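Each chain, written out:
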Amino acid sequence: METQTQTLKKETKISTERMTGAEAVIRCLLAEGVDLIYGYPGGAIMPVYDELYKYRDQLHHVLTRHEQGATHAAQGYARTSGKVGVAIATSGPGATNFVTGIADAQIDSTPMVCITGQVGSNLLGSDAFQETDIIGISTPITKWNHQVTKAEDIPEVLAKAFYIARSGRPGPVLIDITKDAQFGELDFTYEKCKGVRSYEPVPKTDPRSLEQAAKLINSAKKPMIVFGQGVILGEAEEELKNFIEKSGVPSAWTILGLSALPTSHPLNVGMVGMHGNYGPNKLTNECDVLLAIGMRFDDRVTGNLETYAKQAKIVHFEIDPAEINKNVKVDVAVMGDVKHTLSQILPMVQSNSHDSWLQEFRDHDAIEYDKVIKEELFPSQEGLSMGEVLRGINKETGGDAVIVSDVGQHQMIACRYAEFNKSKSNITSGGLGTMGFALPAAIGAKMGAPEREVVAIIGDGGYQMTIQELGTIFQTKVPVKIVVLNNDFLGMVRQWQQLFFDKRYASTEMVNPDFIKIAEGYHIKSTRVTKRENLQGAIAEMIASKEPYFLEVCVEKENNVFPMIPTGASVSDVRLE
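Residues numbered from 1 in each chain as written. Predicted model: local features only at pLDDT ≥ 70, side-chain atom pairs only at ≥ 80, totals over all residues. Heavy atoms only, no water.

Turning to its location among the elements, R208 is positioned in helix 10 (residues 207–219). With 93 residues separating them in the primary sequence, R208 and I115 have C-alpha atoms 43 Å apart. (Helix = DSSP H or I, 4+ residues; strand = E, 2+ residues; numbered from the N terminus.)

Right under this line is the structure:
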């Protein structure tokens, strides 16, 4: 007669199948719920692609036109879907072309698993054809990486990869698989990883820190919140909103925190940082309690650290212990997932309003409107401004679109003037500032949220860095809307040259191709706008289209983005002109 233990063992036994390492890779992806990957084939990853062909009805592969495009597309997909993005490439140049996207994902905390092929294990270290040490190269820019040389190791390593990529503070993981490991056979079983020894993704919250934070919040006369992407990654938007509305604290955001709170919320006071809003920048150095929620005190936010919020008590809600006191010394560190810590502190926080303090932000808003915003949104000049393009997009989308921006002046304009009603709506390259990010990221963003309108806002410089991804759009028919704000300059660098280098425009003026003809070559409907009277109609036509659409808007060549905090200056030194 069977014992209870023997019965239990039978019930929990995991069945095995004999298969190659290459097929195991595909089966691992399916077990993790992956249904979409981005990549580019090559010799060292060919066994995996051969198996992918057999599973093409279950796992959709998007052939990008460059491996960097695959990583950015995976980032865009991860940012709108909330899932782990997956990219795959061959060894050597295929793997090294992943580096920029991996570094971007690392600094912006984007969950991504990158899989690269590698030469056979017997050739490692021999400078074989298309061999590079991608493990050594990617170690500083990944959350974790690992090289697999045996087929039987593939399931456990990939399970660990997905767990590490998505848990705690998310980030990119790279798995390098030798060709012989792909051809080798194993008895396949798969168990999702539930923990890794010595890795604590979410630190424990000290109840005393919640009490100390609540005491500071309740006694504050001029409190201010700065929230970042940690709110979005932790899916804590509702908890943040409840906390803000109960405490009555004016709340500003970092670039990557944008859209966690609707831009129309009465306690939303705008963006902090180099091109942020006048009020939250100036008043950072006047608040008495500064609450940093899911943000990392980046230098573009703080300006000169010697003068940053020295008068304030600082409370930092953070999941990553490495960020505590890294740049700014804090008075109270509330460790943990912000979704939980904000819920825990809410009953301790007194219902309050700070009307006179909030009015100070609104007074600064009025100054900024008169000196900057009015001319940007409703220009008196003959030439078109970037701001009025965003105003037109807001009108047609009602603040419901996903805006994917590249890097430069147009990025700052998009972040300043786009309206957002929903979270996961602002997709941009934050910490790394990667030109070329937006076009492939928009492809991934649309595939991650197919029900939403996705509009890419790109400068003429960054557009040409990954312009080949128009081929991916043509092949997949993904209906992204592409807006190039063309000023025939590398605009942000030119602005600095104008303000700080006596208008010596060294290597920043662009001689551009005919973008319309290029788009037409990919059979993408396109329009160029040079006059104000044609702008709104063109935007309306673009948004109404059910297909990919390219819109070029020729804007003023030498317009600048203000406010601006010069490098090394205090946030109090924000300039309006």
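Read on for the rest.
It is worth spelling out the sheet that holds strand 17 (residues 454–459) at this point. Read from one edge to the other, the open sheet built from 6 strands follows the order 16-15-17-18-20-19, with strand pairing classed as parallel. The open sheet terminates on both sides in strands that have one partner only, identified here as strand 16 (426–428) and strand 19 (525–529). Shown here is a sheet whose adjacent strand axes are inclined to one another by a mean of 20°, direction ignored. Pairing analysis gives 5 bridges linking strand 17 to strand 18 (residues 481–486), with the strands arranged parallel. Bridged to I457 within strand 18 is V483. Where helix 17 (residues 386–397) meets the sheet, it contacts strand 15 (402–405), strand 17, strand 18 and strand 20 (549–554), and its direction lies at approximately 160° from that of strand 18. Where helix 24 (residues 535–544) meets the sheet, its contacts fall on strand 17, strand 18, strand 19 and strand 20, and the angle it forms with strand 20 comes to roughly 160°. (Pairing = 2+ DSSP bridges. Axes fitted to C-alpha atoms, helices over the stretch in contact; angles between N-to-C directions. Contact = heavy atoms within 4.5 Å.)

A word on empty space enclosed by the protein. The tally for this structure, following the rule as stated, stands at 3 cavities of 30 Å³ or more. Within this model, the largest cavity holds a volume of roughly 60 Å³. Contributing to the lining of the largest cavity are E376, M386, Q409, I413, V555, E556, N559, N560 and V561. (1 Å grid on protein atoms, 1.4 Å probe; cavity = no way out; pocket = protein on both sides within 12 Å on 5 of 7 lines; lining within 4 Å. Points joined across faces, edges and corners; volume = space filled by probe spheres on them.)

What follows covers the sheet that holds strand 7 (residues 172–178). In spatial order, the strands read 3-2-4-5-7-6; together these 6 strands make up an open sheet with parallel pairing. In the strand order of this sheet, the two ends are held by strand 3 (60–63) and strand 6 (144–148), each with one partner. When the angles between neighbouring strand axes are averaged without regard to direction, this sheet yields 20°. Two strands pair when backbone bridges link them, and strand 2 (residues 36–39) and strand 4 (residues 85–89) are joined in this way by 2 bridges, in the parallel orientation. Each residue of the ladder has a partner; that of Y38, found in strand 4, is A87. Across the sheet, helix 4 (residues 67–81) touches strand 2, strand 4 and strand 5 (112–118), and the angle it forms with strand 4 is around 170°.

Counting 96 residues, the largest nonpolar core has L290, I293 and V483 as its most contacted members. Per-element accounting of this core gives the leading share, 6 residues, to helix 16 (residues 355–377). Sequence-distant contacts of I293, that is, excluding residues within four places in its chain, are made with I225, V226, F227, G228, V231, L240, F243, F317, V338 and L342. Judged by nonpolar contacts, the second largest core, of 47 residues, contains C114, L439, A456 and I516. (Core = buried A, V, L, I, M, F, W, Y, C linked by side-chain atoms within 4.5 Å. Buried < 20%, exposed > 50% of the residue type's maximum accessible area, 1.4 Å probe, protein only.)

Relative to the assigned elements, R79 resides in helix 4. One buried charged side chain, R79, makes no salt bridge at all; its nearest oppositely charged neighbour is D108, positioned 4.2 Å away. Other than its neighbours up to four places away in sequence, R79 contacts D108, T110, Q229, L256, K424, N426, I427, T428 and F437. (Lys, Arg positive; Asp, Glu negative; His and termini not counted. Salt bridge = Lys/Arg side-chain N within 4 Å of Asp/Glu carboxyl O.)

Moving on to unusual backbone geometry. Across the junction of F562 and P563, the peptide omega takes the value -5°, indicating a cis bond. In this fold, P563 is placed in the segment after strand 20. Of note, S198 is a non-glycine position whose phi angle comes to about 75°, a positive value. Assessed through its relative accessible area of 79%, S198 is described here as exposed. Non-glycine residue D488 carries a positive phi angle of around 55°. Within the element layout of this structure, D488 appears in the loop between strand 18 and helix 22 (491–500).

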